[in-house]
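So you can see what is in the structure, the chains are spelled out below.
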Amino acid sequence: MNELDAWIAAAGAELGVSPDEVPAKELLDVARDVAHNVLRPGAPVTAYLMGLAVGRGLAPAEAAAKISALALAWPDRKA
């Protein structure tokens, strides 16, 4: 078990969430897309938004795909 898996297991236990319910790869991919294409502070906020959406019934993979697509299409504000 790596450090991330250990953290997910410990934090999940505190919150009553099984590690099997945590799509870590998808969350990390989305966080990367948001942090690199939109803004860094948007990554954890987006993870929270995804959690709310999934809690309301959206499939985790669908939430991840929608947000990654949005982030990757986000206009470059530096130009």
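Above: the structure in question.
Since the model is a prediction, treat every value here as computed from it, not as a measurement.

Enquirer: Lay out the overall build of the protein chain with the relevant residues and their values.
Expert: Helix and strand counts for the protein chain stand at four helices and zero strands. Beginning at the N terminus, the succession of helices and strands in the protein chain can be written as α-α-α-α. For the protein chain, the spread of C-alpha atoms along the principal axes amounts to about 45 × 30 × 15 Å. Relative to its full complement of 79 residues, the protein chain shows a buried share of 19%.

Enquirer: Give a description of the packing of helix α3 (residues 42–55) against helix α4 (residues 60–72) that names residues and reports values.
Expert: Between two packed helices, what matters for the description is the angle formed by their axes and the separation of those axes. α4 packs onto α3 with a crossing angle of 140° between their chain directions and a minimal axis gap of 9 Å. Between α3 and α4, the crossing angle belongs to the class labelled oblique. In this structure, α3 crosses over α4, and the sense of that crossing is right-handed. On α4, the residues that touch T46, M50 and V54 of α3 are P60, A63, A64 and I67.

Enquirer: So what's going on with helix α2 (residues 24–37)? Which residues, and what values?
Expert: Taking 1.5 Å per residue as the helical rise, α2 with its 14 residues ought to reach 20 Å, and the 20 Å between its terminal C-alpha atoms agrees with that figure. All buried positions along α2 are accounted for by A24, V30, D33, V34 and A35. Buried residues along α2 sit against α1 (3–15), α3 and α4.

Enquirer: Go over α1 with me, naming the residues and quoting the values.
Expert: One turn of an α-helix holds 3.6 residues; hence residues three or four places apart share an orientation. Spanning 13 residues, α1 covers 18 Å between terminal C-alpha atoms, matching the ideal 18 Å at 1.5 Å per step. The N-terminus of α1 is capped by N2, whose side-chain oxygen sits 3.0 Å from the backbone nitrogen of L4. Remark: G16 follows α1 within two positions and exhibits a positive phi of approximately 75°.

Procedures and definitions
Residues numbered from 1 in each chain as written. Predicted model: local features only at pLDDT ≥ 70, side-chain atom pairs only at ≥ 80, totals over all residues. Heavy atoms only, no water. Helix = DSSP H or I, 4+ residues; strand = E, 2+ residues; numbered from the N terminus. Buried < 20%, exposed > 50% of the residue type's maximum accessible area, 1.4 Å probe, protein only. Axes fitted to C-alpha atoms, helices over the stretch in contact; angles between N-to-C directions. Parallel < 35°, antiparallel > 145°, perpendicular 65-115°, else oblique. Left-handed = near helix turned anticlockwise from the far one by under 90°. Contact = heavy atoms within 4.5 Å. Expected span 1.5 Å × (residues − 1). Polar contact = N/O pair within 3.5 Å; in protein donor to acceptor, adjacent residues only side chain to side chain.

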